[in-house]
Amino acid sequence: MSVNITIDGLAVRADAGDTLVDVAADNGVYIPTLCYQRGRPCLGTCRVCSVRVNGNVMAACTVPVADGMEVEVNDPADMRKALVELLFAEGNHNCPSCEKSGRCELQVVGYEVGMMVSRFPYRFPLRDRETRPKKIWLENDRCIFCQRCVEFVRDRETGRRIFSIDHRGSRSRIVMDVALADRMSDQQVREAAELCPVGCILQKGLGYNDPIGRRRFEVRRLRQRVLEGEGQ
Ligand code: SF4
Ligand code: SF4
């Protein structure tokens, strides 16, 4: 069944139940996301896609479209910017020295919201790196706890999770099952590193293999990729 909604005043026709963030992208409206990826189940962890729906703030990745819905994408713009600033303040993000710079979704969303510096106090967390696996390692203090790795990276034989969250609150950190990590194929390692929206999951032996000037978001920005239907 088709429904009619408006997004920032633009009249849009969509299939009932489709996810708002996808409907917006299909109609040329970019809503930033860091945990959501088209075609995968919604995680709803980062809240960066928050928009106003009929006056209420909601994460666009969690909202099925319904007839008569009125969506304002940038009404909570400062709130989105604050969410992104909090993500930067909660980790250690020194972009010029980061292997993921130019390929990092958090960095590009920071540009998108016009963030120059976080207005929140930086916490400078001390989270030990995990370097034991043969092909993959974790730079834990860059993790934004989107949980993509937890939900979508599995051991191919047993289906068991390779990544999980250990501890709670400010002591939370992503941990890897080292035995399962050592069973990952090269392709699976590459996919896990690409799945991570920041420079936390890294493939050993690659580092700065893409020269500056030829990295993913230096060539074409995230907004264009999403609108062109390539996903993230
Ligand atoms: S993970 Fe992204 S935001 Fe953090 S330091 Fe690396 S490039 Fe910058
Ligand atoms: S390691 Fe990367 S993919 Fe996993 S929760 Fe942290 S930011 Fe997300």
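Residues numbered from 1 in each chain as written. Chains lettered and ligands numbered in written order. Predicted model: local features only at pLDDT ≥ 70, side-chain atom pairs only at ≥ 80, totals over all residues.

**Here we look at the overall build of the chain**
Within the chain, the regular secondary structure consists of 8 helices and 9 strands. In summary, the chain has a C-alpha radius of gyration of 18 Å against a globular reference of 17 Å for 232 residues, a match within 12%. Here the C-alpha coordinates of the chain stretch approximately 55 × 40 × 40 Å along the principal axes. Counting contacts in the chain only where the partners sit at least 6 residues apart, residues at least 24 apart contribute 63% of the total. (Helix = DSSP H or I, 4+ residues; strand = E, 2+ residues; numbered from the N terminus. Rg over C-alpha atoms; globule rule 2.2 N^0.38 Å. Contact = placed C-beta atoms within 7 Å.)

**Some points on the nonpolar core**
Within the largest apolar cluster, 53 residues are counted, with the highest numbers of intra-cluster contacts made by V21, A24, C49, A60 and I201. Looking at which element gives the most residues to this core, the answer is helix 1 (residues 20-26), with 5 residues. Lining this core are residues from two domains, each supplying at least three of them: domain 1 (2-75) and domain 2 (82-218). The residues contacting C49, other than those within four sequence positions of it, are V21, I31, P32, T33, Y36, A59, A60 and C61. (Core = buried A, V, L, I, M, F, W, Y, C linked by C-beta atoms within 7 Å. Buried ≥ 20, exposed ≤ 12 C-beta atoms within 10 Å, placed from the backbone. Domains from an automatic or database assignment.)

**Examining the pairing of strand 2 (residues 10-15)**
Across 6 bridges, the pairing between strand 1 (residues 2-7) and strand 2 is antiparallel. Pairing of T6 across the sheet is with A11, part of strand 2. Linking two consecutive strands that pair antiparallel, namely strand 1 and strand 2, is a turn of 2 residues; a positive phi of about 50° is found at D8 within it. (Pairing = 2+ DSSP bridges.)

**Section: the domain arrangement of the chain**
When cut into domains, the chain gives domain 1 (2-75) and domain 2 (82-218). For domain 1 and domain 2, the distance between their C-alpha centres works out to 26 Å. Contacts between the two partners involve 9 residues from domain 1, matched on the other side by 14 residues from domain 2. In the side of domain 1 that touches domain 2, the residues fall into 6 nonpolar, 1 polar and 2 charged. (Nonpolar A, V, L, I, M, F, W, Y, C, P; charged D, E, K, R; others polar.)

**Re the site of ligand 2**
Taken together, 15 residues lie near ligand 2, and C143, C146, C149, C196 and C200 sit nearest. Taken together, the residues of the shell around ligand 2 break down into 13 nonpolar, 1 polar and 1 charged. (Near = placed C-beta within 6 Å.)

**Let's talk about the environment of D155**
Tracing the sequence through the fold places D155 in the loop between helix 4 (148-152) and strand 7 (163-166). The partly exposed category is assigned to D155, around which 16 C-beta atoms lie within 10 Å. When the C-alpha atoms of D155 and R183 are compared, they prove to be 7.7 Å apart, with 28 residues separating the residues in sequence.

**Remarks on helix 6 (residues 186-195)**
Every buried residue belonging to helix 6 is among V189, A192 and A193, and all of these are buried. Buried residues in helix 6, looked at end-on, bunch into an arc of 100°, giving them a common side. (Arc of directions from axis to C-beta.)

**Brief notes about the sheet that holds strand 3 (residues 50-53)**
Read from one edge to the other, the open sheet built from 5 strands follows the order 2-1-5-3-4, with strand pairing classed as mixed. Two strands in the sheet have a free side with no partner beyond their single neighbour: strand 2 and strand 4 (56-59). Each adjacent strand pair in this sheet contributes to an overall mean axis angle of 35°, direction not counted. (Axes fitted to C-alpha atoms, helices over the stretch in contact; angles between N-to-C directions.)

**Quick look at the site of ligand 1**
In the neighbourhood of ligand 1, the contacting residues comprise H93, N94, C95, C98, K100, S101, C104, L106, Q107, R142, V198 and G199. When its residues are assigned to classes, the shell around ligand 1 shows 5 nonpolar, 5 polar and 2 charged.

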